[in-house]
Amino acid sequence: MKYVLVTGGVVSGLGKGVTASSIGVVLKACGLRVTSIKIDPYLNTDAGTMSPFEHGEVFVLDDGGEVDLDLGNYERFLDVKLTRDNNITTGKIYQHVINKERKGDYLGKTVQVVPHITDAIQEWIERVAVIPVDGKEGPADVCVIELGGTIGDIESMPFIEALGQFSYRVGPGNFCLVHVSLVPVLNVVGEQKTKPTQHSVRGLRGLGLTPDILACRSTTALDENVKEKLSQFCHVPVSSIVNLYDVTNIWHIPLLLKEQKAHEALLKGLNLQGVAREPMLEEWMERAKICDTLHESVRIAMVGKYTGLSDSYLSVLKALLHASVARRRKLVVEWVPASDLEEATLKEAPEVYKAAWNLLKSADGVLVPGGFGDRGVEGKILAAKYARENKVPFLGICLGMQIAVIEYCRSILKLRDANSTEFDPETTNPCVIFMPEGSKTHMGGTMRLGSRRTYFHTMDCKSAKLYGNVSHVDERHRHRYEVNPDMVKELEEAGLAFVGKDDTGKRMEILELPTHPYFVGVQFHPEFKSRPGKPSALFSGLIAASCGQLEALLHVQQGHVNRVPTKVVTNGVLSQKAYQNGNTTNKSLKSILNGGFYANGNGVHA
C-alpha cells in the first residue's frame, strides 16, 4: 500500500479537500486504484451533532456514517463508496483507546498519547486503507490521507506525531507528503509573498515531516522566480512545486495537476514510475470546458435555513450542478432565506419580505432542502404552496417533503392546525410524527441513517421513469420524523400520491402530485449519491422540468436505467457538439462549483 498525505498551512479553508480529491483523480487516471481517509482533529466522534454553520453540511455514507463534507468531495471525484471509518476524529481515537484500557487490554500499563494514541492512529489508517471502496475485490493501490486543520494546531499534534512515525515505518517509496500552502499578494506591494509558506514548511519540518510536493494556492499563476525562491528555502525541487491558482470551476484542478506534471512527482515519490501510465483526463477536460461555456441559464430558488453559508448545502448544490450541466444549462441559485417569506418579516422588514418573494417568483424551479428545527418552517410551507398552486417545478428533500405534506393537509384537507410533532407536539392533526425507534435523549447517530431501499408502488410516475423504470432504488437517509402512516389514505384520496415506500409499506419515501408538471418530495437525500458523470435522477428531473425538457428526458429514460442519448452525452458528460459555445461567465455558478475554493480568492471551507 502506498500513502499520500495532504496537509495544510498558513490558513484554513485553502482547499485541501479539493486538492486531495484531485490528487486521487490524477492517480486514478494513471490506472491506479485509490481510496481516501479524512482526519478531523476535533473531539466530536463524528460530524452528526455539529451545526452546519460551524462545519458545513453533514455528509452521510451508505453505512450510515455522518462524516465531514470532504468525504463527499472524495466520493464525487473518485466515484467510490466510503465507510464511516474513512473519517478519523480525535473523539473516535480516544474512545477506542479508552475502551481498550477499560477492558484491560494494555495489561496495567500507563496509557499515554505516545505510544498508545499514536499507535491507534497508525493501526486505524492501515486497517481502513485496505478496505475496497470502488466495488472491486482487494485493497487499493494508493490511500490519500487528508489531515484537517492547519499545521501548528494543538489539537492535531498527536496525528502529526503518528504520521511522522508512520512515514518512517512504511519507508521511502511508500509515503509522499503534499503540503498545501498560501502564497498571498499584498495589495500595497503587488508582490507574491513566500514567507508564509516558508514558515509553514519550517513548522512542518520541525514536527518531523518533510514535504515532497508543495501545492501553492494563489490568485494568479506563480512567477518562476517565486517558485525558485520557494524551492531554495523549503528544500523542495522546482519540479515538485505545483501552483493551484484560482480557476473558474474545481473540475480544472486535476487538469492543473496534470499540466504541471504533479503526477510525475507523485509517482516518483511512491516508486510507481514503471507501473502507472500517463493520466487520461479527457472526460474531465471536456466537463470543465462545457461548464465554462454554458450560457443559457436555469434559476433555482433554494428555500432554506442556512442560506448564509453555501457549504451547509454543498451536496445539494453539487447535485444541482451535475444535473444542470447534463441538461446544458448554466445554474443560477437564488438563495431565499425561508424566514424572509413569513408574515412576521412583512411586519418587521417589508423590503426584505418583498425581495425574498421576488426571488422566489423569478425562479424556474423551487428546491426545499433538509434541515432541523422550526425556524423558517412556515416560510418553507409557503414556498411549497406557491410552487404547487402556480405549477412551478418543486423538489422537497427530507424536511422539504414533510412540509409539502403539511401544506397539503392545511390547504386541501382544510386541517388548519396540521403540523409535524417536531414543531408542535400538541397538534391535533399530526401529519408528520417521530419515528418509533428514534431516541429523544441522545442526538448522535440515533436517526434513520444510511442507505435504505425504496420500492415503487406504481411505475406510472415521474420518479420511477427518471430512475429508469427500476422496481426499487437505494438512497441515503438522515431523519428522525416521517409522514404519519395513519393519514396516508386520506391524503391519497385527496390527490397526493405516495409512489415510493419502504419494504413494510408504512414509511412514505417518495410523493408526487400527478396533476402537477413536477412536484416531488423524497424522505431520503438523493444529493449524496449524485456524481459529475451520473447526476441524481430526481435533480435531473427538477432541472429538466425547470427548463422545459422534462418530457424529452422522460422519453429518453423509458426502458433505460440511468442512461441518456449517446448523441448528447459522451462518457457521462455532454459532447462538444451538443452544447452551444458562449463566453458568459457566471459568478453564481463559480461559487457553487467551488464552495468558495479556487474562485475569486475566497477561502471558504471545502
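In this text the structure is predicted, and so the values were computed from the model without any measurement.

Here's the deal with the side chain of Lys2
Part 1: Residue placement: Lys2 occurs in strand S1 (residues 2-8).
Part 2: Lys2 has contacts with Asp141, Val142, Cys143, Gly173, Asn174, Leu270, Asn271 and Leu272, leaving out every residue within four places of it along the chain.

Brief notes about empty space enclosed by the protein
Part 1: Scanning the model with the defined rule gives three cavities of 30 Å³ or more in all.
Part 2: Roughly 70 Å³ of volume is contained in the largest cavity.
Part 3: In terms of lining, the largest cavity is formed by Gly371, Phe372, Cys398, Leu399, Gln402, Glu422, His479, Arg480 and Tyr481.
Part 4: The residue inventory of the lining of the largest cavity, partitioned by class, reads four nonpolar, three polar and two charged.

Description of the nonpolar core
Part 1: Counting residues in hydrophobic clusters, the biggest one holds 97 residues, and the most contacted among them are Val4, Ile23, Leu27, Leu320, Leu367, Leu538 and Phe539.
Part 2: Beyond its immediate sequence surroundings of up to four residues, Ile23 is in contact with Val4, Val6, Val144, Val178, Leu257 and Leu266.
Part 3: Of all hydrophobic cores here, the second largest spans 46 residues; its members include Leu413, Leu415, Val483 and Met487.

Let's talk about the pattern of salt bridges
Part 1: What the rule picks out here adds up to 28 salt bridges.
Part 2: Of the charged contacts, one joins Asp246 and Arg217 as a salt bridge, the two residues approaching to 3.3 Å between their closest N and O atoms. Within this pair, whereas Asp246 is found in the loop between strand S9 (241-245) and helix H9 (253-259), its partner Arg217 is found in strand S8 (residues 213-218), the two being separated by 29 residues in sequence. The pair Asp246 / Arg217 is uniform in exposure class, with both members buried.

Describing the packing of helix H15 (residues 377-389) against helix H16 (residues 399-411)
Packed helix pairs are specified by the crossing angle of their axes together with the interaxial distance, meaning the distance between the axes.
Part 1: Orientation of H15 relative to H16, taken along the N-to-C sense of each, is 70 degrees, at an axis distance of 9 Å. The pairing of H15 with H16 is recorded here as roughly perpendicular in orientation. Contacts between H15 and H16 pair Val377, Glu378, Lys380, Ile381, Ala384, Lys385 and Arg388 from the former with Leu399, Ile403, Ala404, Ile406, Glu407, Tyr408, Arg410 and Ser411 from the latter.
Part 2: Residue classes in the contact of H15 with H16 are distributed as eight nonpolar, one polar and six charged.

Quick notes on the sheet that holds strand S14 (residues 419-420)
Part 1: Sheet architecture is open: three strands sit in the order S14-S15-S18, paired in mixed fashion. Each end of this open sheet is capped by a strand with a single partner; those strands are S14 and strand S18 (481-483).
Part 2: By the bridge criterion, three bridges tie strand S15 (residues 430-434) to S18 in an arrangement that is antiparallel. Among the inter-strand pairings, Ile433 is bridged to a residue of S18, identified as Glu482.
Part 3: Lying over the sheet, H16 contacts S14, S15 and S18, oriented at roughly 150 degrees with respect to S15.

Brief notes about helix H11 (residues 282-293)
Part 1: Along its twelve residues, H11 runs 17 Å from first to last C-alpha, staying within 8% of the 16 Å computed at 1.5 Å per residue.
Part 2: Every buried residue of H11 is accounted for by Trp284, Glu286, Arg287, Ala288, Ile290, Cys291 and Thr293.

Thoughts on the confidence of the model for the chain
Part 1: Residues at a pLDDT of 70 or more form 90% of the chain, whose mean pLDDT is 87.
Part 2: pLDDT under 50 marks residues 438-443. Its contacts with residues more than four places away, or in other chains, come to eight contacts.
Part 3: Counting interchain partners and residues more than four positions distant, the pLDDT-below-50 stretch residues 561-606 has 134 contacts.

Some words on the packing of aromatic side chains
Two numbers describe a pair of aromatic rings. These are the distance of the centres and the angle of the planes.
Part 1: Summed over all chains, the structure comprises ten aromatic pairs.
Part 2: Ring geometry for Phe394 against Phe519: centres 4.6 Å apart, planes inclined by 15 degrees, an arrangement best described as stacked. Here Phe394 is found in strand S13 (residues 394-397), whereas its partner Phe519 is found in strand S21 (residues 519-522), with 125 residues between them in sequence.
Part 3: The exposure class assigned to Phe394 is buried, which follows from its relative accessible area of 0%.
Part 4: Following the ring pairs from residue to residue traces out a cluster consisting of Tyr3, Phe166 and Phe175.
Part 5: Above the plane of the ring of Trp251 lies Arg287, whose end atom (NZ or CZ) is 5.5 Å from the centre.

Scoring rules and cut-offs
Residues numbered from 1 in each chain as written. Predicted model: local features only at pLDDT ≥ 70, side-chain atom pairs only at ≥ 80, totals over all residues. Heavy atoms only, no water. Helix = DSSP H or I, 4+ residues; strand = E, 2+ residues; numbered from the N terminus. Contact = heavy atoms within 4.5 Å. 1 Å grid on protein atoms, 1.4 Å probe; cavity = no way out; pocket = protein on both sides within 12 Å on 5 of 7 lines; lining within 4 Å. Points joined across faces, edges and corners; volume = space filled by probe spheres on them. Nonpolar A, V, L, I, M, F, W, Y, C, P; charged D, E, K, R; others polar. Core = buried A, V, L, I, M, F, W, Y, C linked by side-chain atoms within 4.5 Å. Buried < 20%, exposed > 50% of the residue type's maximum accessible area, 1.4 Å probe, protein only. Salt bridge = Lys/Arg side-chain N within 4 Å of Asp/Glu carboxyl O. Axes fitted to C-alpha atoms, helices over the stretch in contact; angles between N-to-C directions. Parallel < 35°, antiparallel > 145°, perpendicular 65-115°, else oblique. Pairing = 2+ DSSP bridges. Expected span 1.5 Å × (residues − 1). pLDDT = per-residue confidence, 0-100. Phe/Tyr/Trp six-rings, centres within 6.5 Å; stacked < 30°, edge-to-face > 60°. Lys NZ or Arg CZ within 6 Å of the ring centre and 35° of its normal.

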